[in-house]
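# Structural overview
So you can see what is in the structure, the chains are spelled out below.
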Amino acid sequence: MSLPGLIATDLDGTLLDDEGSVSPRTRRALLLAREAGADVVFVTARPPRSVWELAKAAGVGGTAICSNGAIVHDLDTRETLRVRALELEAARGVAQTLSEALPGIAFAIETGSGVLFEPGYAKHVVQDAPYRTQVESVWTRAEPVVKLLAWSAEHHADEMFTAATAAVDGQAEITYSGAGGLLEISAAGVTKAGALAELCAERGIDPRDVVAFGDMPNDLAVLTYAGAGYAMANSHHTVLAAVERHTLSNVEDGVAVVLERYFTS
């Protein structure tokens, strides 16, 4: 078994347990990988501000791919290296299309430094509390649209994704990570997998030398890009069906189990 050159891992539902923590066993496994010379790269829907403390707890530095590929971030310097935002007018057009397809939907914007949300948007993340600003309309502020967030109390994300993908018709990237009735919308061509492929090309790492872990539809392209992509046992059913390699769940240290096989002689 050849040693991987890069470990790409999702966070929620994958590397983290259900309390949002990194277990001691997982931390040790990540250290084994780094000591063997492998890069460890978080590939997450979270913005950078939500990754800093997790990276410290995991003993991981270097580059992180955040906001579903829209941001490439240096965890050591806390410097954003690259942002690929959705143009404001394009975001407004997508929002209008989604409003017609899914009546009652409400919107928020992830700017990279905070979240702007409309009164009807009731989906909130605890760790974002200091960074949230309620506005009458997200379109009245000239802020970067790192992600457009679309939420509905009446629809499940699976149903919303099907309707939204048909309605938007390639104008933007639409994905979701299992958070109830929440869609995450990025600029066309911006994905976790695209950002990872670009990073690997810059570092001269062949996709065959990448081991990846994930659990939700927004991870699927990463898992198929990697030479060895592992679906967690707790993965969304579409991910389990599409990915050949499976590991234990996030609460059973599924990432660590695989890394120990690679890096323990």
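Everything below is about the structure shown above.
Just so it is clear, the structure is predicted and the values come from calculations on it, not from any experiment. (Residues numbered from 1 in each chain as written. Predicted model: local features only at pLDDT ≥ 70, side-chain atom pairs only at ≥ 80, totals over all residues. Heavy atoms only, no water.)

Relative orientation of the contacting elements helix α4 (residues 88-101) and helix α5 (residues 157-168) amounts to 125°, with a least axis distance of 9 Å. Here α5 runs oblique to α4, going by the angle between their axes. In this structure, the crossing between α4 and α5 has a hand that is right-handed. On α5, the residues that touch V94, T97, L98 and A101 of α4 are A164, A167 and V168. Looking at side-chain class alone, the contact of α4 with α5 contains six nonpolar, one polar and no charged residues. (Axes fitted to C-alpha atoms, helices over the stretch in contact; angles between N-to-C directions. Helix = DSSP H or I, 4+ residues; strand = E, 2+ residues; numbered from the N terminus. Parallel < 35°, antiparallel > 145°, perpendicular 65-115°, else oblique. Left-handed = near helix turned anticlockwise from the far one by under 90°. Contact = heavy atoms within 4.5 Å. Nonpolar A, V, L, I, M, F, W, Y, C, P; charged D, E, K, R; others polar.)

Turning our eyes to something else, we now look at the sheet that holds strand β9 (residues 147-151). Picture the strands of a sheet paired through backbone hydrogen bonds; they go either parallel or antiparallel. A sheet is described by the order of its strands in space; here six strands give the open sequence β8-β7-β6-β9-β11-β10, paired in mixed fashion. Looking at strand neighbours, the two that pair on one side only are β8 (132-134) and β10 (172-175), the edges of this open sheet. Geometrically, the sheet is characterised by an average inter-axis angle of 25° between neighbouring strands, direction not taken into account. Pairing between β9 and strand β11 (residues 182-187): four bridges, direction antiparallel. Looking at the pairing, W151 lines up with L182 of β11. Its contacts with the sheet put α4 on β6 (106-110), β9, β10 and β11, and the angle it makes with β9 is roughly 15°. (Pairing = 2+ DSSP bridges.)

With that settled, consider the nonpolar core. I7, F42, L98, L148, I185, F213 and L259 are the most contacted members of the largest nonpolar core, which totals 60 residues. Per-element accounting of this core gives the leading share, six residues, to helix α9 (residues 254-263). Among all residues touching F42, those that are not within four sequence positions of it are T9, L11, L15, V51, A55, A58, V60, T63, A64, I65 and L75. One finds A193, L199, A212 and A231 within the second-largest nonpolar core, a separate group that totals 19 residues. (Core = buried A, V, L, I, M, F, W, Y, C linked by side-chain atoms within 4.5 Å. Buried < 20%, exposed > 50% of the residue type's maximum accessible area, 1.4 Å probe, protein only.)

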